[in-house]
Each structure stands twice: as structure tokens, then as C-alpha cells.
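# An overview of the molecular structure
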Amino acid sequence: LEEAVKLINDLNPDYIFFTGDLVNEEPEEAAPWIHVFKKLKAKNGKCAILGNHDYRWGKTDPELEAKNRIGVKTILEEMDFTPLLNEHRVLEKNGERIGLVGVENWGYSPEGWFPTYGDYKKSVEGMEEVPFNILLTHDPTHWEHHIKGKEAVDLTLSGHTHGGQMGITIPGLFEFSVAKFLYKRYAGSYSEGDQHLYINRGMGFLIFPGRVGMPPEITLHEINKA
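Parameters and conventions
- Residues numbered from 1 in each chain as written.
- Predicted model: local features only at pLDDT ≥ 70, side-chain atom pairs only at ≥ 80, totals over all residues.
- Heavy atoms only, no water.
- Helix = DSSP H or I, 4+ residues; strand = E, 2+ residues; numbered from the N terminus.
- Expected span 1.5 Å × (residues − 1).
- Buried < 20%, exposed > 50% of the residue type's maximum accessible area, 1.4 Å probe, protein only.
- Arc of directions from axis to C-beta.
- Contact = heavy atoms within 4.5 Å.
- Polar contact = N/O pair within 3.5 Å; in protein donor to acceptor, adjacent residues only side chain to side chain.
- Patch = residues over 30% accessible without salt bridge, like charges linked within 9 Å, V, L, I, M, F, W, Y side chains within 5 Å.
- Areas by Shrake-Rupley, 256 points an atom, 1.4 Å probe, with all protein chains shown as cover.
- Salt bridge = Lys/Arg side-chain N within 4 Å of Asp/Glu carboxyl O.
- Phe/Tyr/Trp six-rings, centres within 6.5 Å; stacked < 30°, edge-to-face > 60°.
- Lys NZ or Arg CZ within 6 Å of the ring centre and 35° of its normal.
- Pairing = 2+ DSSP bridges.

## Re helix H3 (residues 62-78)
For H3, spanning 17 residues, the distance from its first C-alpha to its last is 24 Å, which sits close to the expected 24 Å at 1.5 Å a residue. Every buried residue of H3 is accounted for by Glu65, Asn68, Gly71, Val72, Ile75 and Leu76. An end-on view of H3 places all buried positions within 135° of arc, on one side of the element. Turned more than 90 degrees away from the buried face of H3 sit Pro62, Glu63, Lys67 and Ile70, all of them exposed. Against the buried residues of H3 lie strand S1 (16-18), helix H2 (34-37), strand S2 (46-48) and strand S3 (82-83). Measuring from the backbone nitrogen of Glu63 back to the side-chain oxygen at the start of H3 gives 3.0 Å, which picks out Asp61 as the cap. Looking one or two residues beyond H3, the residue adopting positive phi is Asp80, at roughly 70°.

## So, a nonpolar patch on the surface
On the surface, Leu1, Leu7, Leu11, Trp33, Met203, Ile218 and Leu220 cluster together into a nonpolar patch covering about 630 Å² of accessible area. Note that Leu220 resides in the segment after strand S11 (195-199).

## Remarks on the packing of aromatic side chains
The relation between two aromatic rings is expressed through the spacing of the ring centres and the mutual angle of the planes. All told, the structure shown has 3 aromatic pairs when counted by the stated rule. Between Tyr55 and Tyr117 the ring centres are 5.5 Å apart and the planes differ by 35°, which places this aromatic pair in the tilted class. Of the two residues, Tyr55 sits in the loop between S2 and H3 while Tyr117 sits in the loop between strand S5 (96-102) and helix H4 (120-123), which places them 62 residues apart along the sequence. A cation sits over an aromatic face here: Lys46 above Phe81, 4.8 Å from the ring centre.

## Thoughts on the sheet that holds S3
The strand order S1-S2-S3 describes an open sheet built from 3 strands, whose pairing is parallel. Each edge of the open sheet is held by one strand with a lone partner, namely S1 and S3. Where S1 lies against S2, 3 bridges are found, and the strand directions are parallel. Paired with Phe17 across the bridge in S2 is Cys47.

## Describing the environment of Leu76
Relative to the helices and strands, Leu76 is located in helix H3. In the structure, Leu76 is positioned 46 residues away from Ala30 in sequence and 9.0 Å away in space, judged by C-alpha atoms. Apart from the residues within four sequence positions on either side, Leu76 is in contact with Phe18, Leu22, Ala48, Ile49, Leu50, Phe81 and Pro83.

## So, unusual backbone geometry
Its identity is not glycine, yet Arg56 carries a phi of approximately 110°, on the positive side. By the element assignment, Arg56 lies in the loop between S2 and H3. Even without glycine at this site, Asn86 takes up a positive phi of about 60°. Inspection of the secondary structure assignment puts Asn86 in the loop between S3 and strand S4 (87-93).

Scope: geometric values only; no functional claims are made or implied.
Right, dumping it as C-alpha cells:
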């Protein structure tokens, strides 16, 4: 993580966005890393949302999910992140404005494994009209079910899938990941008309303690006026 922090800071970013899953199950897991994440520097601020694990792993009750939510939110604030939990901000630079919307987790699962507290419409209540909108939402299925073709979101930034943690890539020819069995869109950049989705492969792991052909990822997005 110290190496990752240095790589990010060397990019000299205007903003840093963290798209969820700070912990696997308990907020206390992140406490020893507060001093590391505090070293992340962005010229105009750091914003974060929650992933499904931040409400606790697996099927739980609303009371446990609420307890985890509060715990992770508190630690993010101690790391100098601004949590956006069904909220928005308007970012400004050189007279240009971008709407930044952050939702709580919304994930599709027939078995009910993933929390569904994300509410885009609530997030943009009272938001002034801006020419470009960015949405932070942990699970890309939220884009599939509720954003694409339905909301005025230009760029959506997600995570969640880890890119499957295992894959085979032949640049320009072939890419395979186990995540393809679960997600129509699982890593990288996708577009539908004028709406764009980017899924970061993440830096951690789940169950299998490693990655094969699917390395950790830090993404730099450069946004320019058309």
C-alpha cells in the first residue's frame, strides 16, 4: 500500500476517488491503515463511497449493516476522505463545473447477497444543472439496471469485480476472466451512446489470496472539454 500511495501521489491528481470495499467484513480491519491512506494527496480533495463489503460480508440483518456502514464511514473520514453516501458535490476548475454523485451500494443478486441502498435520485436532489456528471457507484450492475439510458450520467466509475482476480490477456487479440461468467461488464472501459462506464480492477483480493493475469490497478482519468 505504501508503494501504491507513492504511485498515486506521483500522478499529482486533482481529485482521488475511492469506489468502495475498504474492508472485507469489519471496520476494525482498516484501522491499522489509517496513517497510510492519510498520505494520499489530491489538490482538491478525496471522495469515497461504500462497497458491499463495507456493510458486512454475506447476508446480514439491517442492524449489522448499519453498524458497519457507520464504522467504515468514520474510518474513511479519519483517512481524510469525504464519504458520499447518496450525496453529491459540484467540482470546479478554471470556471468549469462537473457534478460528482456518490451512491451507497446497489448490487444485483438473485440470492440477496448485496446491499441495495444506492439511490441516484436521492443523491442528486437539489443539485444544480452542470454540463457533465460523474457517478461513483461500487457495483457496475447498478449502471446496467438503473443508470444506462435512464439518468443524465456521462461517466460512471465502479469497482467490485476485481476483474475476477484471474485472467488471460493477449493485448489486442484476446482477454478472458472468470468474472465474465458473472458480469456482462467486468473490467475496463465500456460505452453505450454518450454514456461511459469504467470498472477498476481494484487492489485487493477475496478468498484466493492473489492475482493471476489480472494485476492490481490504479486508474488515471484525464477529462478534457470536447
